[in-house]
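A structural walkthrough
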Amino acid sequence: MCYEYFGSYAEGLYKMATNKAVFILDNGAYTAKVGFSHSDHPRVIPNCIMKAKSERRRPFVGDQLEDCRDVSGLFYILPFQKGYLVNWDVQKNVWDYIFSKECCPVNFTEAPLIVTEPYFNFPSVQEAMTEIFFEEYECTSLLRINAGDLSCYNYMKKNAGTLCCLLVDSGYSFTHIAPYIKGKKLKQGIIRIDVGGKMLTNHLKEIISYRQLHVMDETHVMNQVKEDACFVSQNFLHDMEIARKRDAENTIARDYVLPDFTTLRRGYVRSIGTADKSSESEQQQILRLNNERFTVPEILFQPSDLGISQMGIPEAICHSISVCPAEAQSHLFANILLTGGCTLFPGFRERVEAEVRSRAPDHVDVRVTLPANPVTYAWQGGASLQQDPEFFNMTVSREEYEEEGHNLCFEKFDI
Amino acid sequence: MATGRESGRLKDANQKRVLDEAARRRRMRKALEALELDNFHDDPHADLVMSKKVPKFQETLESRGGRKKKTRSAEYYKQRFRKTFAQLVEEDQNYNPDPPNYITAQAAPSKVPERHFCAVCGFISNYKCIPCGARYCSVRCLGTHLDTRCLKWTA
Ligand SMILES: Nc1ncnc2c1ncn2[C@@H]1O[C@H](COP(=O)(O)OP(=O)(O)OP(=O)(O)O)[C@@H](O)[C@H]1O
Ligand SMILES: [Mg+2]
Ligand SMILES: [Zn+2]
Ligand SMILES: [Zn+2]
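Residues numbered from 1 in each chain as written. Chains lettered and ligands numbered in written order. Predicted model: local features only at pLDDT ≥ 70, side-chain atom pairs only at ≥ 80, totals over all residues. Heavy atoms only, no water.

An unreviewed UniProt entry lists chain B under the name Zinc finger HIT domain-containing protein 1, with Zootermopsis nevadensis given as the organism.

In the annotation of an unreviewed UniProt entry, chain A is listed under the name Actin-related protein 6 and assigned to Zootermopsis nevadensis. The UniProt entry for chain A carries the following text under Sequence similarities (unreviewed entry): "Belongs to the actin family. ARP6 subfamily." (UniProt positions renumbered as here; feature names shortened; annotations may be inferred.)

Residues and elements named next belong to chain A. Taken together, 19 residues lie near ligand 1, and A29, Y30, K226, E227 and G341 sit nearest. Between ligand 1 and the protein, one listed contact pairs an oxygen atom with a backbone N or O atom of Y30 at 2.8 Å. With respect to ligand 1, the backbone of G341 contributes an N or O atom lying 2.9 Å from an oxygen atom. Burial of ligand 1 by the surrounding chains reaches 88%, relative to a free accessible area of 660 Å². (Near = heavy atom within 4 Å. Polar contact = N/O pair within 3.5 Å; in protein donor to acceptor, adjacent residues only side chain to side chain. Areas by Shrake-Rupley, 256 points an atom, 1.4 Å probe, with all protein chains shown as cover.)

Attention now goes to the coordination of the zinc ion (ligand 4). All names here are of chain B. For the zinc ion (ligand 4), the full set of protein donor atoms is C129 (SG), C132 (SG), H145 (NE2) and C150 (SG), at a range of 2.0 to 2.3 Å. Taken together, the 4 donor atoms coordinating the zinc ion (ligand 4) span angles of 97 to 118° at the metal, a pattern that classifies the geometry as tetrahedral. Between consecutive donors of the zinc ion (ligand 4), the numbers of intervening residues give the motif C-x2-C-x12-H-x4-C. Classification of C132 by relative accessible area gives buried; the value is 6%. (Donors = N, O, S within 2.8 Å, 3.2 Å for Na, K, Ca; no water. Tetrahedral: all angles 85-135°; square planar, octahedral: opposite > 155°, others 65-115°. Buried < 20%, exposed > 50% of the residue type's maximum accessible area, 1.4 Å probe, protein only.)

For the rest of this paragraph, the subject is the sheet that holds strand β4 (residues 49-51) of chain A. Residues and elements named next belong to chain A. Spatially, β5-β4-β6 is the arrangement adopted by the 3 strands of the open sheet, whose pairing is antiparallel. The sheet is open, and its two borders are formed by β5 (60-61) and β6 (75-77), each paired with just one other strand. Alignment of β4 against β6, held across 3 bridges, turns out to be antiparallel. Looking across to β6, one finds that I49 is bridged to I77. (Pairing = 2+ DSSP bridges. Helix = DSSP H or I, 4+ residues; strand = E, 2+ residues; numbered from the N terminus.)

A few words now on the pattern of salt bridges. Considering all chains together, one arrives at 26 salt bridges over all chains under this definition. Across the salt bridge formed by E298(A) and R351(A), the nearest N and O atoms sit 2.8 Å from each other. With E298(A) in helix α9 (residues 292-301) and R351(A) in helix α12 (residues 348-359), this residue pair connects regions lying 53 residues apart in the sequence. On the basis of relative accessible area, E298(A) is assigned to the buried category, the value being 1%. Take R351(A): its relative accessible area is 9%, and that puts it in the buried class. In this structure, K83(B) engages E91(B) in a salt bridge whose closest nitrogen and oxygen atoms are separated by 2.8 Å. In this structure, a network of salt bridges that share partners links the residues E298(A), D305(A), R351(A), E355(A) and R115(B). (Salt bridge = Lys/Arg side-chain N within 4 Å of Asp/Glu carboxyl O.)

Looking now at the packing of helix α4 (residues 147-158) of chain A against helix α13 (residues 377-385) of chain A. Residues and elements named next belong to chain A. At a minimum axis distance of 7 Å, the contact between α4 and α13 shows a crossing angle of 70°. Between α4 and α13, the crossing angle belongs to the class labelled roughly perpendicular. The two elements α4 and α13 cross, and the hand of that crossing is left-handed. Taking contact as the criterion, the partners of A147, L150, S151, Y153, N154, Y155, K157 and K158 in α4 are, on α13, Y377, A378, Q380, G381, G382, S384 and L385. Its residues assigned to classes, the contact of α4 with α13 comprises 7 nonpolar, 6 polar and 2 charged. (Axes fitted to C-alpha atoms, helices over the stretch in contact; angles between N-to-C directions. Parallel < 35°, antiparallel > 145°, perpendicular 65-115°, else oblique. Left-handed = near helix turned anticlockwise from the far one by under 90°. Contact = heavy atoms within 4.5 Å. Nonpolar A, V, L, I, M, F, W, Y, C, P; charged D, E, K, R; others polar.)

Bringing the UniProt feature "domain: HIT-type" (unreviewed entry) in chain B into the picture now. The sites that carry the UniProt feature "domain: HIT-type" (unreviewed entry) are, in the present numbering, residues 118-150 of chain B. Across residues 118-150 of chain B one finds 30% helix and 12% strand; the C-alpha atoms that close the span lie 13 Å apart.

Right, let's get into the pairing of strand β9 (residues 113-117) of chain A. Residue and element names in this part refer to chain A. β9 sits mainly inside the fold: 5 of its 5 residues count as buried. As judged from the 3 bridges shared by strand β1 (residues 23-27) and β9, these two strands associate in the parallel manner. Residue pairing across strands places F23 opposite L113, the latter belonging to β9. Across 5 bridges, β9 lies against strand β10 (residues 141-146) in parallel orientation. By the bridge assignment for β10, I114 is matched with L143. Taken together, β9, helix α3 (residues 123-136) and β10 form a β-α-β motif whose crossover is right-handed. (Right-handed = clockwise from strand over helix to strand, strands pointing away.)

On to the interface of chain A and chain B, then. Each partner contributes to the interface: chain A provides 70 residues, whereas chain B provides 62 residues. Together, the buried faces of chain A and chain B total about 6300 Å²; carbon and sulfur atoms form 56% of this surface. Our count for the chain A to chain B interface comes out at 6 salt bridges. For the salt bridge of D47(B) with R56(A), the shortest nitrogen-to-oxygen distance reads 2.9 Å. Where chain A meets chain B, there are 28 residue pairs in polar contact (both at pLDDT 80 or more). Split into classes, the residues belonging to the side of chain A that touches chain B amount to 28 nonpolar, 17 polar and 25 charged. (Buried area = accessible area lost by both parts, 1.4 Å probe.)

Shown next as structure tokens:
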């Protein structure tokens, strides 16, 4: 490590003593998790601009969507493509809103910033990040870091004495598996599966539209259907058998009551045949969900179900561990950490643990941890990292950037 | 294979056209690309003339931390960092040719045998539609498939 680029320990302590709160932005493709390090938890803001059919006077930026009564046919404008930031005008508009008085006011000339980027972020995207934060937002100091590094840091702090962590981040655009040994990521072991929550929602939309009701324009609602009704099967073929059965023997089928945006703003899952007989319920639109409930999340575990020739999560975990040094492997099996919104599907943790267990050598312990909030876990790691004596040595200040430019950032930030 | 009523229909379709391997792969790729789309419909405000509020290519003065500073419009950043995803990947291959990188990080093919599902109902499938290669599970689902999708999609 080229330590001449890291300030001295004393310098770090000095900066820390004069330190104001740090602002943390876990800039996900679906939501930005934002807030000052001293808050208990971040705000979770949709990272997009949306247009509604029902409101033609204005678009909605981020959580302004809460002001929109009828979100049917919502049209999305996203800063990210395949998990990487490409639409900078969109991102700039969303950030301007997030950092404004209306949302999460911050003055970057005073507050240092931690901002996350995906693994293997492209060099020109990294340069753009550096430039926009130093030149446009005039940041006093900046740390660009992988969200997974923050999650791993959080895990190590919470589990003192732990040396390794095998991180799974299953978010919107993709799923990453990343091994960390003594707090440092092993880049050769990082695996990307090109399946995330976006693909699952789109697939659910596709099959429901073909099988029962045209919902191709209802990404927003169908995403809620996915989150409310889908689960990860513990025995796929057995559940397929149950889903084939009729009536009471089919314990999987459910109805989903779709929102109408006058009497119902958000839909909900209902057991079959429990509709109340009021006149209101006669006008409800219902989706009947059956094998869709578990074949959709199943794609994370077997992407080949959709014709994607990639390993599923448990296989990729074992593969990733197999390229790590032998002495680290048992520690990695015992410290599998789940983060990202898709890990919230009921049954996700149990399935990962069971499948990795069956693939792992007999003598190793397999332990899979699902934190209380896998979506904000990386942000929490940032809040904790900010208290580390090393923190300010990891950042680049605006003066340093003005003197040394992008090269310093490429050397210091390990993306 | 399918017997009885639907085999007549199958023969019919067979005589008309059979998708070749390349067309099947194209169809598959299109289906996967569709799963990456942000929207399937058009911008509902596309017919609106956007308000003149957002300045284009021009810098505005904004007060920040008590000082006046030039801020650039979103449009400036769109122009300044204009690279498509494909360009970024290509650039990365030149800049960063040795593994590990974006390309090499993608998961390798699975060793688990593929499973097949009925293109209509989603249950396990044991049969393959002869004209297009889609999977089906029963006479009933084959019928639906032939009537709705089979060769009706332009691949
Ligand atoms: N309870 C839930 N059950 C299932 N999926 C969920 C749940 N909550 C959120 N998700 C899904 O998780 C995804 C978002 O996860 P997350 O917030 O980790 O992504 P992100 O950090 O914004 O994106 P990325 O890390 O890919 O850039 C969405 O697709 C969302 O539908
Ligand atoms: Mg994320
Ligand atoms: Zn079928
Ligand atoms: Zn066919």
